[in-house]
Amino acid sequence: MSKETSLSCLTSAALALPALAQAAPDMLEDAQVEYQFSYYDEADERMQARTHQVRASLQPSDKLNLNLDLTRDTLSGASPMFNMPVEGQTQQILSGASIHEKRDVVSFGASYKMAKNLLKVGLGRSVENDYKSNFYSLGLSRYLNQKNTQVDVGVGLSLDKHGIADQPLTDKKRSLSYHLGVTQLLSPQSFIQANLGYGQHRGVLSDPYKKVYIEGKGLDVDLRPESRYQSTLSLLYARQFKSNDSALHLGYRYYQDNWDIKAHTLSAKYHYPLAKGWMLIPEFRYYKQNSADFYQVYFNQDSIGSYHSSDYRLADFSAQTWGLSVNKRLSDKAKIELGWQSYRSRRDTPNPLAFDLLRLAIKLQF
Amino acid sequence: MKTLLLLLGLGISQLSFALSAGQPAPHFSLSASPANPALQLKDFQGKVVYLDFWASWCPPCAKSFPLLNQLRADLGNPDFEVVAINVDEKIEDMQAFLRQHPVDFVTAWDKAKQTPALFEILGMPTAFLVDKQGKIRHIHSGFRRQDVSALRAKIEQLLQE
Amino acid sequence: MLATIMRYFWFFFCLSLLAACQPVKPWQRGSLASEQMQLYQGSLQSSLDDHVYFSKEAASGGYGVAAGGCGCN
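All figures in this text were calculated on a predicted structure; none of them were measured in a lab. (Residues numbered from 1 in each chain as written. Chains lettered and ligands numbered in written order. Predicted model: local features only at pLDDT ≥ 70, side-chain atom pairs only at ≥ 80, totals over all residues. Heavy atoms only, no water.)

Colleague: Can you tell me about the overall build of chain A, naming the residues and giving the values?
Modeller: Check the secondary structure of chain A and you find one helix and 21 strands. Counting every position in chain A, which comprises 366 residues, the buried fraction comes to 55%. For chain A, the share of sequence-separated contacts (at least 6 apart) that also reach a separation of at least 24 residues comes to 55%. Surface summary for chain A: the accessible area is close to 15,500 Å², and the carbon and sulfur share equals 60%. (Helix = DSSP H or I, 4+ residues; strand = E, 2+ residues; numbered from the N terminus. Buried < 20%, exposed > 50% of the residue type's maximum accessible area, 1.4 Å probe, protein only. Contact = heavy atoms within 4.5 Å. Areas by Shrake-Rupley, 256 points an atom, 1.4 Å probe, with all protein chains shown as cover.)

Colleague: A description of the packing of aromatic side chains should follow, citing residues and the corresponding values.
Modeller: The final tally for this structure, using the stated rule, is 15 aromatic pairs over all chains. Each ring, one from A:Tyr343 and one from C:Tyr53, has its centre 6.0 Å from the other, and the planes form 45 degrees; the classification is tilted. Of this pair, A:Tyr343 sits in strand β20 (residues 334-347) while C:Tyr53 is found in helix α2 (residues 44-56), placing the two residues in two different chains. Note on accessibility: A:Tyr343 and C:Tyr53 belong to one class, buried. Relative to B:Phe119, the ring of B:Phe28 lies with its centre 6.0 Å away and its plane at 75 degrees, an arrangement referred to as edge-to-face. Here B:Phe28, found in the loop between α1 (2-12) and β1 (29-30), pairs with B:Phe119, found in the loop between α4 (114-118) and β6 (126-130); they are 91 residues apart in sequence, far enough to count as distant. Aromatic rings pair up to connect A:Tyr40, A:Tyr343, A:Phe355 and C:Tyr53 into one cluster. The aromatic ring of A:Tyr143 is capped on one face by A:Lys147, whose charged end is 4.7 Å from the ring centroid. (Phe/Tyr/Trp six-rings, centres within 6.5 Å; stacked < 30°, edge-to-face > 60°. Lys NZ or Arg CZ within 6 Å of the ring centre and 35° of its normal.)

Colleague: Run through the confidence of the model for chain A, naming residues and quoting values.
Modeller: Interpreting fine coordinate detail is not advised for predicted regions of low pLDDT. Summarising the model, chain A shows a mean pLDDT of 89, and 91% of its residues fall at 70 or more. Scored below 50 in pLDDT, residues 1-18 of chain A makes 58 contacts in the model with residues more than four places away or belonging to other chains. (pLDDT = per-residue confidence, 0-100.)

Colleague: With reference to specific residues and values, describe the sheet that holds strand β18 (residues 299-300) of chain A.
Modeller: Residue and element names in this part refer to chain A. Judged by pairing direction, the sheet is mixed, and its three strands sit side by side in the order β13-β12-β18 without closing on themselves. Two strands in the sheet have a free side with no partner beyond their single neighbour: β13 (218-221) and β18. Pairing analysis gives four bridges linking strand β12 (residues 211-215) to β13, with the strands arranged antiparallel. Bridging across to β13, Tyr213 finds its partner in Leu219. (Pairing = 2+ DSSP bridges.)

Colleague: Quick rundown of the nonpolar core? Include the residues and the values.
Modeller: Soluble globular proteins: nonpolar side chains tend toward being buried together. Ranked by size, the top nonpolar core spans 52 residues in total, and within it B:Tyr50, B:Leu51, B:Phe119, B:Met124, B:Phe128 and B:Ile155 carry the most contacts. Only β3 (48-54), α2 (59-75), β4 (80-86), α3 (91-100), β5 (106-109), β6 and α5 (147-160) of chain B provide two or more residues apiece to this core. (Core = buried A, V, L, I, M, F, W, Y, C linked by side-chain atoms within 4.5 Å.)

Colleague: Mind laying out the interface of chain A and chain C, listing which residues take part and the relevant values?
Modeller: Listed by partner, the interface residues are 103 residues for chain A and 58 residues for chain C. Both faces considered, chain A and chain C share a buried interface measuring about 6,700 Å² in area, 59% of it formed by carbon and sulfur atoms. Linking chain A to chain C there are three salt bridges. Ionic pairing is found between A:Arg285 and C:Glu57, a salt bridge with its closest N-O pair at 2.9 Å. Across the contact surface, chain A and chain C share 23 residue pairs in polar contact (both at pLDDT 80 or more). Per element, the largest residue contribution to the side of chain A that touches chain C is eleven residues, and it comes from strand β14 (residues 227-240) of chain A. In the side of chain A that touches chain C, the residues fall into 44 nonpolar, 37 polar and 22 charged. (Buried area = accessible area lost by both parts, 1.4 Å probe. Salt bridge = Lys/Arg side-chain N within 4 Å of Asp/Glu carboxyl O. Polar contact = N/O pair within 3.5 Å; in protein donor to acceptor, adjacent residues only side chain to side chain. Nonpolar A, V, L, I, M, F, W, Y, C, P; charged D, E, K, R; others polar.)

Colleague: Give a detailed account of the confidence of the model for chain B, specifying residues and quantitative values.
Modeller: The share of residues in chain B with pLDDT of 70 or more is 89%, and the mean pLDDT across the chain is 87. The low-confidence segment residues 4-17 of chain B (pLDDT under 50) makes 18 contacts with residues lying over four places distant or belonging to another chain.

Colleague: Tell me about α5(B), residues and numbers included.
Modeller: All names here are of chain B. The terminal C-alpha atoms of α5 lie 21 Å apart, and with 14 residues this matches the ideal 20 Å at 1.5 Å per residue to within 8%. Buried within α5 are the following residues: Asp147, Val148, Leu151, Ile155, Leu158 and Leu159. On an axial view of α5, the arc spanned by its buried residues comes to 100 degrees, and they lie on one face. Among the exposed residues of α5, those pointing more than 90 degrees away from its buried face are Ser149 and Gln160. (Expected span 1.5 Å × (residues − 1). Arc of directions from axis to C-beta.)

Colleague: If you had to explain the pairing of β14(A) to someone new, which residues and values would you point to?
Modeller: Residue and element names in this part refer to chain A. A large share of β14 lies buried, amounting to eleven of its 14 residues. Direction of pairing for strand β11 (residues 190-203) relative to β14: antiparallel, over a ladder of 13 bridges. Counterpart to Phe191 in the pairing with β14 is Ala238. Hairpin connection of β14 to strand β15 (residues 247-257): six residues between the antiparallel strands, including Asp245 at a positive phi of 65 degrees.

Colleague: So what's going on with a positive patch on the surface? Which residues, and what values?
Modeller: Where like charges cluster on the molecular surface, the positive patch consists of A:Arg125, A:Lys132, A:Lys161 and A:Lys172. Among the structural elements, A:Arg125 can be located in strand β7 (residues 117-128). (Patch = residues over 30% accessible without salt bridge, like charges linked within 9 Å, V, L, I, M, F, W, Y side chains within 5 Å. Lys, Arg positive; Asp, Glu negative; His and termini not counted. Charge placed at Lys NZ, Arg CZ, Asp CG, Glu CD.)

Colleague: Account for the sheet that holds β4(B), with residues named and values stated.
Modeller: All names here are of chain B. Taken in spatial order, the five strands make up an open sheet running β5-β4-β3-β6-β7, and their pairing is mixed. The sheet terminates laterally at β5 and β7 (136-141), the two strands that pair on one side only. Within the sheet, the average angular offset between the axes of one strand and its neighbour, ignoring direction, is 20 degrees. Sheet topology note: the β3/β6 ladder contains five bridges and is antiparallel. (Axes fitted to C-alpha atoms, helices over the stretch in contact; angles between N-to-C directions.)

Colleague: Requested: an account of the side chain of A:Thr149, with residues and values cited.
Modeller: Tracing the backbone through its elements, the reader meets A:Thr149 in strand β9 (residues 149-162). Engagement of the side chain of A:Thr149 in a polar contact is seen with the side chain of A:Gln184, the distance being 2.6 Å.

Colleague: Pulling in residues and values, what's your account of the pattern of salt bridges?
Modeller: Residues and elements named next belong to chain A. This model, assessed by the stated rule, comprises 21 salt bridges over all chains. Between Asp257 and Arg228 there is a salt bridge; the shortest N-O distance is 3.0 Å. Of this pair, Asp257 sits in strand β15 while Arg228 sits in strand β14, placing them 29 residues apart in sequence. The two residues Asp257 and Arg228 agree in class, both being buried. Overlapping salt bridges bring together Asp207, Asp222, Arg224, Asp311 and Arg313 as one network.

Colleague: Tell me about α2(C), and name the residues and values.
Modeller: All names here are of chain C. Look at α2: 19 Å from first C-alpha to last across 13 residues, which is about the 18 Å you get at 1.5 Å a residue. Counting buried residues in α2 gives ten out of 13 residues, a clear majority hidden from the surface. Taken together, the buried positions of α2 are occupied by Leu44, Gln45, Ser46, Leu48, Asp49, His51, Val52, Tyr53, Ser55 and Lys56.

Here it is, written out as structure tokens:
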């Protein structure tokens with residue numbers, strides 16, 4: 001535990017949640033830089049992605065924290081377009097031409113600390129050749145009961161334009177999201193957090209790259225409703241064990257939207273500290289959703305409605321993620337982490353999605 | 001929305017009642033531990049005392065230790081002492097911290113955690129500047145490098161009284 | 001349905017207020033300040049995970065305010 005003393009300097013960066021855990025009335029006056037590289041690899045030679053992320057944080061005063069995030073994604077591969085029956089068997093048709101895409105995200109965040117409140121603002125921009133998004137957020141955390149309770153409220157706005165690559169982006173989408181969260185310390189070794197979320201998306205929500213197959217007619221476009229309302233409830237519980245200083249995090253999320261999708265997510269993460277600044281973090285996640293009311297693997301003339309999609313992400317499926325991360329503190333000022341996740345989904349369509357995610361992260365403090 | 005406002009309002013009524021400057025520092029005595037002999041505030045009667053409450057897991061505490069050690073050495077006054085009371089759960093955590101941040105001033109482990117309760121501290125670190133008459137003259141919460149010069153001026157003023 | 005969610009939420013909130021009868025003191029937060037007890041929300045890892053799941057599953061959000069969208073494949 002004591003060996004983590006300086007390590008906690010690295011982890012208790014001003015934006016770490018919940019702020020309740022930080023008894024210190026002062027923020028650090030340090031600067032911090034983090035870098036993460038990840039490699040995402042789908043089975044069956046579908047998509048691959050390489051992501052570079054950089055985050056720089058600075059505390060110019062004891063009350064103010066500034067951070068800048070830069071992300072670059074490069075994607076390549078093929079993506080499922082539609083399904084069709086071939087000799088009695090359903091076949092998944094991938095996008096013919098190989099996709100090569102780049103995504104750049106820049107975002108800026110600031111938080112200002114007062115005696116019992118923490119105010120956060122954020123804004124950012126994400127750019128792809130077929131999708132542009134500007135997003136803004138505002139949040140307030142308030143501490144109650146001698147910092148035994150934290151209440152968070154937040155609102156986010158995202159204004160997006162999208163279309164087909166290298167053509168004028170004419171489709172618009174506007175998203176608003178609200179968040180209310182309560183974190184409560186249960187004991188010196190445990191806390192619980194409950195979150196309510198509500199999201200409102202309006203505009204063109206169809207995917208121009210996806211198609212549907214209609215028996216006896218052929219292909220048609222993916223067509224979805226112009227609005228989507230999402231509600232979530234999540235619960236998180238964290239507990240540390242005195243015997244070996246390890247900690248268990250458990251989470252559950254319930255999701256539902258007006259497309260008739262309901263989803264459950266269960267997650268567990270165990271942080272096991274070893275000697276000499278090493279930490280082992282196995283994790284498990286289970287996810288299950290049912291299909292959107294306008295989804296079908298493929299359609300026929302009778303079943304096709306005004307809205308229709310065969311996007312595999314709107315299908316009925318479940319998925320499991322197993323993961324293992326290991327990190328090591330190299331000095332007071334440096335930490336390195338290596339992580340691996342394996343995602344396997346089960347569904348009744350061919351080629352259920354499976355991917356592996358490898359991650360390397362470095363944190364430096366100045 | 002109404003309930004939310006109510007919830008936020010709840011916080012306002014929860015004002016804390018910590019000690020304040022001008023009050024006499026509460027007397028305490030710490031029993032001996034493997035890390036330190038028994039200790040009481042009375043032992044420092046007639047001295048200006050920087051009474052610090054700290055923990056190994058508190059980042060600003062780590063920052064403050066070398067600075068406090070330097071400040072004490074710079075003042076070089078036998079009428080000034082830093083007394084740093086540790087509130088760690090495990091004594092080993094405190095000992096490891098002191099190996100990493102060695103200091104010449106007085107450190108002590110409060111196993112029972114009675115002193116932080118007595119001084120009603122609200123965060124880590126919190127320090128009480130106690131004058132020669134045993135009165136609290138200044139309460140310092142948190143610690144930043146920039147704080148040292150103002151702190152030094154206050155201590156020098158109290159030493160001259 | 002939203003009403004049901006609200007009811008659950010208040011149930012847990014009230015439960016947490018009960019727990020507040022024995023407040024955790026500032027000097028008892030060594031465990032809570034440890035690295036292994038930090039929530040990973042807001043970290044680079046969580047923004048990566050959120051992005052991956054957002055682009056492969058229908059459900060999203062739930063732990064804070066959502067960031068910007070993407071045209072994910």
